[in-house]
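# Coordinate inspection notes
One-letter residues, chain by chain:
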Amino acid sequence: RSGLILHIRTWLEHALRKHSWSGIPREVRPVTWRLLSGYLPANTERREQVLQRKREEYFGFIEQYYDSRTDEPHRDTYRQIHIDIPRTNPLIPLFQQPAVQEVFERILFIWAIRHPASGYVQGINDLVTPFFVVFLSEFVEDDMENFDVAALPLETQRNIEADSFWCMSKLLDGIQDNYTFAQPGIQNKVKALEELIGRIDEDVHLHFCRYEVEYLQFAFRWMNNLLMRELPLRCTIRLWDTYQAESEGFSHFHLYVCAAFLIKWRKDILSIADFQGLLMLLQNLPTIHWGNEEVGLLLAEAYRLKYMFADAPSHYKR
């Protein structure tokens, strides 16, 4: 019987991933993200119990560690987090609220001291945002960007904070080499992007060579912040539906999304014939009006590239 239950669970998880790939409806996104990230168990009977235990565990860390943030060993970490938080989504009023900034400070500080191999690195602050917004959306109907979080019951605020911490931690478990000393994961991914573009669009690649544009100059941020600085927040959330549904979405599929994203601007890139102009374009790509449709097309193209170049037999990878 336990074998049958396991089989059904595996089938359900596969079905959930399959349906989530093309975007998750807003009203079921919070619970789906908790499931896909492996934070919430598939077994419905255990869910409440697990959530309660994990939420208590997180606030146990706060009690244990948070007061040490101004002590000598942790002072620099906390100072850097404290500086970065106001810069996270500076144009959205929600994130300028002191209550929200304190949530982010606690989440990032606790994560950093529980992961001494990397500690806190700029860019990690962005990765809390989508989880926080999605878990907040359970309690806010509309105009979330101006919602006063302090108006929510304290227990609700605490649950959103703990769930954001655990889901962000699960994400970072898969890409931690992006943030260890000298960020080798990022260096390797930027190199992989350069090689991939060389294979799929030689014109763009040679254009960059001709005008001495280094991929690190624009793509470091694409990898470090998972394209969050290049896209409106609503687009990042839609993108993450797919990343969480795709196996190794954040660590592997993201590379193909970056390649598709770059090629999307090939006409603009090839029309600019100087280093400065190219860098200006690549660091300020015009995506402000993007929505689900543009992200859907981007993901479809990324999937095609992955199929051709990652999953293909070796003779196909010229």
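Conventions we followed
- Residues numbered from 1 in each chain as written.
- Predicted model: local features only at pLDDT ≥ 70, side-chain atom pairs only at ≥ 80, totals over all residues.
- Heavy atoms only, no water.
- Salt bridge = Lys/Arg side-chain N within 4 Å of Asp/Glu carboxyl O.
- Helix = DSSP H or I, 4+ residues; strand = E, 2+ residues; numbered from the N terminus.
- Buried < 20%, exposed > 50% of the residue type's maximum accessible area, 1.4 Å probe, protein only.
- pLDDT = per-residue confidence, 0-100.
- Contact = heavy atoms within 4.5 Å.
- Disulfide = S-S within 2.5 Å.
- Axes fitted to C-alpha atoms, helices over the stretch in contact; angles between N-to-C directions.
- Parallel < 35°, antiparallel > 145°, perpendicular 65-115°, else oblique.
- Left-handed = near helix turned anticlockwise from the far one by under 90°.
- Nonpolar A, V, L, I, M, F, W, Y, C, P; charged D, E, K, R; others polar.
- Phe/Tyr/Trp six-rings, centres within 6.5 Å; stacked < 30°, edge-to-face > 60°.
- Core = buried A, V, L, I, M, F, W, Y, C linked by side-chain atoms within 4.5 Å.
- Polar contact = N/O pair within 3.5 Å; in protein donor to acceptor, adjacent residues only side chain to side chain.

Counting across every chain of the model gives 14 salt bridges. In this structure, the salt-bridge partner of Arg34 is Asp163, at a minimum N-O distance of 2.9 Å. Of the two residues, Arg34 is situated in helix α2 (residues 29-36) and Asp163 in helix α7 (residues 154-174); the sequence distance between them amounts to 129 residues. Each member of the pair, Arg34 together with Asp163, is buried. A salt bridge links Glu161 to Arg106; its shortest N-O distance comes to 2.8 Å. One end of the pair, Glu161, is in helix α7; the other, Arg106, is in helix α5 (residues 98-114), with 55 residues separating them in the sequence. Take Glu161 and Arg106: they sit in the same class, and that class is buried.

Here the focus is the confidence of the model for the chain. Averaged over all residues, the pLDDT of the chain equals 92, while 94% of them reach at least 70. Contacts of residues 313-318 to residues separated by more than four positions or lying in other chains number six contacts, the stretch itself having pLDDT below 50.

Tallying each qualifying case throughout the model produces zero disulfides. No disulfide involves Cys235; its sulfur sits 15 Å from that of Cys258, the nearest cysteine. Overall, the relative accessible area of 1% leaves Cys235 in the buried class.

For the rest of this paragraph, the subject is the packing of α5 against α7. Where α5 contacts α7, the axes come no closer than 10 Å and their chain directions differ by 40°. Our classification of the angle between α5 and α7 gives oblique. Seen along the crossing, α5 lies across α7 with a hand that is right-handed. Two secondary-structure elements touch here, α5 through Val103, Arg106, Ile107, Leu108, Ile110, Trp111 and Arg114 and α7 through Glu161, Ser164, Phe165, Trp166, Met168, Ser169 and Leu172. Of the residues contributing to the contact of α5 with α7, the split by class is nine nonpolar, two polar and three charged.

This paragraph deals with unusual backbone geometry. Residues other than glycine seldom take positive phi values, yet Asp143 does so here, at roughly 50°. Within the secondary structure, Asp143 sits in the loop between α6 (124-136) and α7. Here the phi dihedral of Leu226 falls at roughly 50°; this positive angle occurs in a residue that is not glycine. Along the polypeptide, Leu226 turns up in the loop between α10 (216-224) and α11 (233-245). For Leu226, a relative accessible area of 1% translates into the label buried.

Right, let's get into the packing of aromatic side chains. If you walk through the whole model with that rule in mind, you get 29 aromatic pairs. Summarising the aromatic geometry, the rings of Tyr78 and Phe109 are spaced 6.2 Å apart at their centres and angled 85° between planes, so their arrangement reads as edge-to-face. Separated by 31 residues along the polypeptide, Tyr78 in helix α4 (residues 75-84) and Phe109 in helix α5 bring together distant segments of the chain. For the pair Tyr78 and Phe109, a shared accessibility class is recorded, and that class is buried. Relative to Phe218, the ring of Phe208 has its centre 5.5 Å away and its plane inclined at 55°; by these criteria the two rings are tilted. Here Phe208, found in helix α9 (residues 202-210), pairs with Phe218, found in helix α10; they are ten residues apart in sequence, far enough to count as distant. Within the aromatic cluster, the residues linked to one another by ring pairs are Trp21, Trp33, Phe131, Phe135, Trp240, Tyr243, Phe250, Phe253 and Tyr303.

Another aspect to go through is the nonpolar core. In terms of nonpolar packing, the biggest core is built from 103 residues, with Leu127, Phe132, Leu136, Met168, Leu193, Phe208 and Trp240 touching the most fellow members. Element by element, the count of residues in this core is highest for helix α12 (residues 249-264), at eleven residues. If we skip the residues at most four places from it in the chain, Leu193 touches Tyr215, Ala219, Trp222, Met223, Leu255, Cys258 and Ala259.

As a further point, take the environment of Asp84. Relative to the assigned elements, Asp84 resides in helix α4. Under the relative-accessibility criterion, Asp84 is labelled buried at 2%. In the structure, Asp84 is positioned 42 residues away from Asp126 in sequence and 9.5 Å away in space, judged by C-alpha atoms. In contact with Asp84, other than residues within four places in its own chain, are Tyr120, Gln122 and Asn125. Engagement of the side chain of Asp84 in a polar contact is seen with the side chain of Gln122, the distance being 3.1 Å.

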